[in-house]
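# Working through the structure, step by step
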Amino acid sequence: MEIERKFTIKKLPENLEQYDKKEIEQGYLCTEPVVRVRRSNDSYYMTYKGGGMMAREEYNLPLTKEGYEHLAAKHDGRLIQKTRYLIPYEKYTIELDVFHGDLAPLIMAEVEFDSEEEALAFEGPDWFDKDVTQDPRYHNSNMI
């Protein structure tokens, strides 16, 4: 089960270069249910996501580079490219996504939680702007 909230941001946090990052490329084979293939640095996998906005089923299956390239060639819509910065915040990790290509200058933050109660009680840093968790326009599968 994946439980996460999504936020737009007011400004980039300072010293962004100090944080670990991943270069991500992902394509969607299906959006209902969501079936995605992703390259994250040198790791490759396919993800199934069930319905829901803040909480939903999620399963990740490893792929080889060749398997990823074969499936990515079959994606619908755009192939999303982004840099994901991993920013520690309290006991959480903020995943700050800086989108590239025609989705630039979009920047979003996601935070994952152990429970819906914990998610609802979360207050982000002052550089967070709007909570867009319930807005389907901000789900990557709708950005294709």
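Please read these numbers as outputs of a predicted model, since none were measured by experiment. (Residues numbered from 1 in each chain as written. Predicted model: local features only at pLDDT ≥ 70, side-chain atom pairs only at ≥ 80, totals over all residues. Heavy atoms only, no water.)

Glancing now at the environment of His100. Positionally, His100 belongs in the loop between strand E8 (92–99) and strand E9 (107–112). In sequence terms His100 and Glu25 are 75 residues apart; their C-alpha atoms lie 9.9 Å from each other. Here His100 is in contact with Glu23, Gln81, Lys82 and Thr83, once residues within four sequence places are set aside. (Helix = DSSP H or I, 4+ residues; strand = E, 2+ residues; numbered from the N terminus. Contact = heavy atoms within 4.5 Å.)

With that settled, the discussion passes to unusual backbone geometry. Glu32 connects to Pro33 through a cis peptide bond whose omega is 0°. With respect to the helices and strands, Pro33 occurs in the loop between strand E2 (20–31) and strand E3 (34–40). One non-glycine residue, Asn15, lies in the positive phi region at around 55°. By secondary structure assignment, the location of Asn15 is in the loop between strand E1 (2–9) and E2.

Centre-to-centre distance and the angle between the planes together describe a pair of aromatic rings. According to the stated counting rule, one finds ten aromatic pairs in the structure shown. Taken together, a centroid distance of 6.1 Å and an interplanar angle of 55° make the contact between Phe7 and Phe122 tilted. Taken as a pair, Phe7 in strand E1 and Phe122 in the loop between helix H2 (116–121) and strand E10 (128–131) lie far apart in primary sequence, 115 residues in all. Residue classification places Phe7 among the buried residues on the basis of a relative accessible area of 4%. Summarising the aromatic geometry, the rings of Tyr92 and Phe113 are spaced 5.2 Å apart at their centres and angled 65° between planes, so their arrangement reads as edge-to-face. Linking Tyr92 in strand E8 with Phe113 in the loop between E9 and H2, this pair joins segments that are 21 residues apart in sequence. A relative accessible area of 13% means that Tyr92 is categorised as buried. One aromatic cluster is present, built from ring pairs that chain together Phe7, Tyr89, Tyr92, Phe113, Phe122, Trp127 and Phe128. (Phe/Tyr/Trp six-rings, centres within 6.5 Å; stacked < 30°, edge-to-face > 60°. Buried < 20%, exposed > 50% of the residue type's maximum accessible area, 1.4 Å probe, protein only.)

Looking now at the nonpolar core. The biggest cluster of nonpolar side chains holds 19 residues, and the ones touching the most others in it are Ile94, Leu96, Phe122 and Phe128. For this core, the secondary-structure elements that each account for two or more residues are E1, strand E7 (76–89), E8 and E9. Here this core gets four residues from one element, more than from any other, and that element is E8. Those residues in contact with Phe122 that sit more than four places away from it in its chain are Arg5, Phe7, Tyr89, Tyr92, Val111, Phe113 and Phe128. (Core = buried A, V, L, I, M, F, W, Y, C linked by side-chain atoms within 4.5 Å.)

This next bit is on the layout of surface pockets. The volume enclosed by the largest pocket comes to roughly 250 Å³. Contributions of two or more residues to the lining of the largest pocket are made by E1, E2, E3, strand E4 (43–49), strand E6 (58–62), E7 and E9. In terms of lining, the second largest pocket is formed by 14 residues, of which the most central are Thr31, Val34, Gly52, Arg56 and Ser141. Residue classes in the lining of the second largest pocket are distributed as four nonpolar, seven polar and three charged. (1 Å grid on protein atoms, 1.4 Å probe; cavity = no way out; pocket = protein on both sides within 12 Å on 5 of 7 lines; lining within 4 Å. Points joined across faces, edges and corners; volume = space filled by probe spheres on them. Nonpolar A, V, L, I, M, F, W, Y, C, P; charged D, E, K, R; others polar.)

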